[in-house]
Amino acid sequence: MKLKAVMACVCLSVSLLLGGCNNIKQDTTTETKNAQTEEKAESNEEASKDIFAMDTYMTVTAYGAKAQEAVDEAEAEIQRLDELLSTGNEESEIAQLNQNKSATLSEDAGYLVERALELNKETDGAFDIAIYPVMEAWGFPTQNYQVPTADTLESLLKLADASQIIYDEDSRKISFGQEGMKIDLGGIAKGYTSSRIMEIYKENNISSGLVNLGGNVQALGTKTDGSKWRVAVQSPDNTEDYLGILSVEDKAVITSGGYERYFEQDGKTYHHIIDPKTGYPAENGLTSVTVVSEDGTLADGLSTSLFIMGKDKAIEFWRAHSDEFDIIMLTDEGKLYVTEGIQDDFSTEMEMEIIKK
């Protein structure tokens, strides 16, 4: 009887202990779940801001515990780079270079000049930051549009030659080989800016964010629900319509087309994408080119370059560099071409031809 009583007491004690442990375990689980819920809520905290800079409207959006801080830093970076690189700001580094004909560039401007000169060689001159005097003759920087004479363009094309830019990568010293030369980094500045914002997001532990710099889109990670970002590729015929929807993760999506900036004179339309070989707006059979790449700077520069090259040369260039980017091209006849690297991520109601390697 005593033994049975003792055993009963032991069993009861163990049962209560296990019950107590179970209760503690349940409380801990509840606390953990609450903490995880709070953490998830913080990670989904959204901050977004509309900004006007670089002559366009922009939106920066971030999700995370430091979302607002990241967006504020992104805005400051946009303003800093705009003041540094804008040819329209007489006090900017590039405007001062164009005026003084030589300079020691900042780290940002030096990096962009290096990338621009590399792109110039890789694209056989299709991308040329020395085109600025020709752009001025057309009135695109000031919006005082005019059609230059053939003689004017012939003389200015001698200046539109990136090979005449003398640049030392170690010292970042730059000068021009011909009197009258000027440069403009606008062809890659937005792409570089969006890439810089991605870096700022990462520094603030942001894993989900989106930047739209006047149609130049770059995404960090996925949406907070784990799905890819859906980016509409604008239709050149209608600003409220689109060619299709592209699903992306950690990619920049940048489009160039003659519909972006243009003017009409004597019944003819002249757009702002100037062919450095002719001095006239590029007419190589393309209406728009969208480049998709992890590198925003590259995507920005190539969207213009491939437009100037035309379809066949653009495809040839892609096949030589298919590990770096993909493209969506619309021809003047309305035919849509998409490279195979993004065919599964691009949905459209149009017929499209897949470009294979």
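Residues numbered from 1 in each chain as written. Predicted model: local features only at pLDDT ≥ 70, side-chain atom pairs only at ≥ 80, totals over all residues. Heavy atoms only, no water.

### Brief notes about the overall build of the chain
1) Next: Scanning the chain for helices and strands turns up nine helices and 17 strands.
2) Next: Burial status across the chain gives 46% buried among its 357 residues.
3) Next: For the chain, contacts bridging at least 24 residues in sequence account for 56% of all contacts bridging at least 6.
4) Next: For the chain, the exposed area adds up to about 18600 Å²; of that, 46% sits on carbon and sulfur atoms. (Helix = DSSP H or I, 4+ residues; strand = E, 2+ residues; numbered from the N terminus. Buried < 20%, exposed > 50% of the residue type's maximum accessible area, 1.4 Å probe, protein only. Contact = heavy atoms within 4.5 Å. Areas by Shrake-Rupley, 256 points an atom, 1.4 Å probe, with all protein chains shown as cover.)

### Side note on the packing of helix H4 (residues 107-122) against helix H8 (residues 296-309)
1) Next: One can describe the packing of H4 onto H8 by two numbers: an axis separation of 11 Å at closest approach and a directional angle of 45 degrees. With respect to H8, the element H4 is oriented oblique. Crossing hand, H4 versus H8: right-handed. Counted together, Leu 112, Arg 115 and Leu 119 of H4 and Thr 297, Leu 298, Gly 301 and Leu 302 of H8 form the full contact between these two elements. (Axes fitted to C-alpha atoms, helices over the stretch in contact; angles between N-to-C directions. Parallel < 35°, antiparallel > 145°, perpendicular 65-115°, else oblique. Left-handed = near helix turned anticlockwise from the far one by under 90°.)

### Some points on the sheet that holds strand E4 (residues 165-168)
The strands making up a sheet are joined through hydrogen bonds of the backbone, oriented either antiparallel or parallel.
1) Next: Across the sheet, which stays open at both edges, the three strands sit in the order E3-E5-E4 with antiparallel pairing between neighbours. In the strand order of this sheet, the two ends are held by strand E3 (102-104) and E4, each with one partner. Looking at each pair of strands side by side, their axes are set apart by 10 degrees on average, direction ignored.
2) Next: Examined bridge by bridge, E3 and strand E5 (residues 173-176) share three bridges and lie antiparallel to one another. The partner of Ala 103 across the bridge, within E5, is Ile 174.
3) Next: Lying on the sheet, helix H3 (residues 93-100) is in contact with E3 and E5; it crosses E3 at an angle near 140 degrees.
4) Next: Running at roughly 125 degrees to E4, H4 makes contact with E4 and E5 of the sheet. (Pairing = 2+ DSSP bridges.)

### Comments concerning helix H7 (residues 186-203)
1) Next: Between its first and last C-alpha, H7 extends 26 Å over 18 residues, near the 26 Å set by a 1.5 Å rise per residue.
2) Next: By the burial criterion, the buried members of H7 are Ile 188, Ala 189, Gly 191, Tyr 192, Thr 193, Ser 194, Ser 195, Arg 196, Ile 197, Met 198, Ile 200 and Tyr 201.
3) Next: Backbone geometry just after H7 places Asn 205 at a positive phi near 60 degrees. (Expected span 1.5 Å × (residues − 1).)

### Some points on the side chain of Thr 193
1) Next: Along the polypeptide, Thr 193 turns up in helix H7.
2) Next: On the accessibility criterion, Thr 193 (0% relative accessible area) is buried.
3) Next: Ignoring sequence-local partners within four residues, the contact set of Thr 193 consists of Met 54, Ile 78, Leu 81 and Leu 213.

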